[in-house]
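# Examining the three-dimensional arrangement
Spelled out, the chains give:
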Amino acid sequence: MSRMKAVQFTEYAAAPHVVSVAEPDCPADGVLIRVGATGVCRSDWHAWQGHDPVRLPHIPGHELAGVIAQVGHEVARRRVGERVTVPFVCGCGSCDFCLTGDAQVCPDQTQPGFTGPGSFAELVAVRAADLNVVPLPESVDFVTAASLGCRFATAFRALTAHGRPQQGEWVAVHGCGGVGLSTVMIATALGAHVVAVDVSDAALARAGELGAEVLVVSGDNAAGEVVDATGGGAHVSIDALGSAQTAVASVECLRPRGRHVQVGLLLGPHSTPPLPMDLVVARELEIYGSHGMAARDYPAMLALVESGTLRPDLLVGDVIGLEDAGAALAAMSRPATRAGITVIRIN
Ligand SMILES: [Zn+2]
Ligand SMILES: [Zn+2]
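Here is what the cut-offs are and how they apply
- Starting afresh in each chain, residues are numbered from 1 along the sequence in its written order.
- Note on labels: chains are lettered from A, ligands numbered from 1, in written order.
- Where local features are concerned, this predicted model is filtered to residues with pLDDT of at least 70; where side-chain atom pairs are given and counted, the filter is 80 or more; whole-chain, interface and lining totals use all residues.
- Excluding hydrogens and water, the side-chain figures rest on all heavy atoms present in the structure.
- Shown as donors are all N, O and S atoms within 2.8 Å of a metal ion, widened to 3.2 Å for Na, K and Ca; because water is not in the atom set, sites may appear incomplete.
- Angular criteria define each label, namely tetrahedral for four donors with all angles between 85 and 135 degrees, square planar for four and octahedral for six donors with opposite donors over 155 degrees apart and remaining angles between 65 and 115, and irregular for whatever fails these tests.
- Helical segments are the DSSP runs of H or I of at least four residues, strand segments are the runs of E of at least two, and each set is numbered from the N terminus.
- To sort residues, take the accessible area from a 1.4 Å probe on protein chains only and compare it with the maximum for the residue type: under 20% means buried, over 50% means exposed, and anything in between is partly exposed.
- The criterion for strand pairing is that DSSP finds at least two bridges linking the strands in question.
- In this analysis, axes come from line fits to C-alpha atoms, helices being fitted only over the stretch in contact, and the angle between any two N-to-C directions falls in the range 0 to 180 degrees.
- Contacts are residue-level and defined by heavy atoms, with any inter-residue pair within 4.5 Å sufficient.
- The term salt bridge refers to a pairing of a side-chain nitrogen on Lys or Arg with a carboxyl oxygen on Asp or Glu at a separation within 4 Å.

Four donors placed tetrahedrally about a metal ideally form angles of 109.5 degrees, and six donors placed octahedrally ideally form angles of 90 or 180 degrees. Only Cys41 (SG), His62 (NE2), Glu63 (OE) and Cys150 (SG) from the protein coordinate the zinc ion (ligand 2), and they sit 2.0 to 2.3 Å from it. Around the zinc ion (ligand 2), the 4 donor atoms are arranged such that angles at the metal cover 95 to 120°; this shape is classified as tetrahedral. Sequence spacing among the residues donating to the zinc ion (ligand 2) works out to C-x20-H-E-x86-C. Residue cysteine 41 is found in the loop between β3 (31-40) and α1 (42-49), and its partner glutamate 63 is found in the loop between α1 and β4 (64-71); the two are separated by 22 residues along the sequence. Since its relative accessible area comes to 0%, glutamate 63 is described here as buried.

As C-alpha cells, then:
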C-alpha cells in the first residue's frame, strides 16, 4: 500500500508530528483530493486539546483545496484533475436536508479532520462527492480557497442567510479572529456599516483596515458602547468568538427587531450562556445559529471572490509547510500575536 506524509497526534495536547501513514482508500461515492493548501483553524486546536473528541491517533485539517486524484465508481459529476474545495461539513447526500441543499445540518454528516482523518496530509478522502465537492474558478488559488472552507464561508452564510443586513444598516461583530474579520469584510461589501468588538488592539486595527467604522475594546460595557455608536443598537450582531460574554453582549447590543447570529462554537463551560431572553421578548429579537455553509451555496460566494468584490486573500497571514503545522497549532494556546489565517501549503 502506498504511503503519504501527514501531520498526526497520538494523544490530546501532545506535540503533532509529520509521519508516514497509509494513503486513505477512495470511498465508492467519494474522491481522494491531493491537498494543495489547508487552513489552520481554532477548531483544529479544539480537537487537538480534546474539547471536541476525535479518534486517536488523529490527522487534523478541514479547510482544504486541491486536485482530485481519484474518483469512486459511484461518482457521476467529478473528474480526476479538477481543482476543488469542500465545505467542512460534508453531507451524506441522501437525507431530506442534503436533498434540499442544507447539508450543513445533515444528521449523518462527516467532517474531515474531526469524524475522520483530515487534510494536514498529502491526500484526504471526501465522501458523497457529487454533493460536497465544489469546483474552483481558475483565478482562485489554493491558498485563498483553503481560507474559504470554514471561517469565510461560515461568515458569508451567517450574514446572507441569517443576518441579512440591508444597505446602510449596522452590523456588530464580536470577536475579530478569522470568522470575525471575514464577517467585517463581507458585511462591508454588502453595504452595511460595521462596528467591531475585540479585546485585542491589533485585531481591532485589522478590522478597521477591512472596513469597520467603529472599533470597541471589549469590556464590561461593550454592548452599551455598540448601542451608543449605532444610534440605538445594531440591526444585526454576530458572535464570532463563542463565549458566554460575547454571546450575551451580542444579544444586548441589538435594536428592536434585531438579529443575533451565533457563529462561534460555544464549547465546554460556554455551552449555555445566560442569554437575556427578556430582551428577546421585549425587543422581538431573532436568534439564529449558523453552522458552516453547504456546497450548494458556494457558487454565489465564489462569484464575488472572482469579481474581486470579496478578497479572502487579504485575510491570509502566514503560509507555512506541513512540518510547521504542529507549531502553528501550539501557537493557538497563546494569545494571537499575528493577525490573519495561517495556511499550510502542501506539494
Ligand atoms: Zn444528509
Ligand atoms: Zn475551520
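Taking strand neighbours across the sheet as the criterion, the 6 strands line up as β10-β9-β8-β11-β12-β13 in an open arrangement whose pairing is parallel. Edge positions in the open sheet fall to β10 (214-217) and β13 (286-289), since each of these has one partner strand only. Averaged over all adjacent pairs, the angle separating strand axes in this sheet is 20°, with direction ignored. Looking at chain direction, strand β9 (residues 193-198) and β10 are connected through 4 bridges and run parallel. Bridging from a neighbouring strand, alanine 196 pairs with leucine 215 of β10. Running over the sheet, helix α4 (residues 142-163) touches β8 (170-174), β11 (234-239), β12 (254-262) and β13 and is turned about 140° from β12.

Protein-derived ligands of the zinc ion (ligand 1) are Cys92 (SG), Cys95 (SG), Cys98 (SG) and Cys106 (SG), with the metal-ligand distances lying across 2.3 to 2.4 Å. Bound by 4 donor atoms, the zinc ion (ligand 1) shows angles of 104 to 115° at the metal and therefore tetrahedral coordination geometry. Sequence spacing of the donor residues for the zinc ion (ligand 1), all on one chain, is C-x2-C-x2-C-x7-C. On the criterion of sequence distance, the pair formed by cysteine 95 in the loop between β5 (83-85) and α2 (96-99) and cysteine 106 in the loop between α2 and β6 (123-126) is long-range, its members being 11 residues apart. A single burial state applies to cysteine 95 and to cysteine 106, both of which are buried.

Quick look at the pattern of salt bridges now. In this structure the tally under the stated criterion is 11 salt bridges. Arginine 127 serves as the salt-bridge partner of aspartate 108, at 3.8 Å between the closest nitrogen and oxygen. Within this pair, whereas aspartate 108 is found in the loop between α2 and β6, its partner arginine 127 is found in the loop between β6 and α3 (129-132), the two being separated by 19 residues in sequence. In this structure, arginine 206 engages glutamate 209 in a salt bridge whose closest nitrogen and oxygen atoms are separated by 2.5 Å. Of this pair, arginine 206 and glutamate 209 both sit in helix α6 (residues 201-209), 3 residues apart, which is roughly one turn of that helix.

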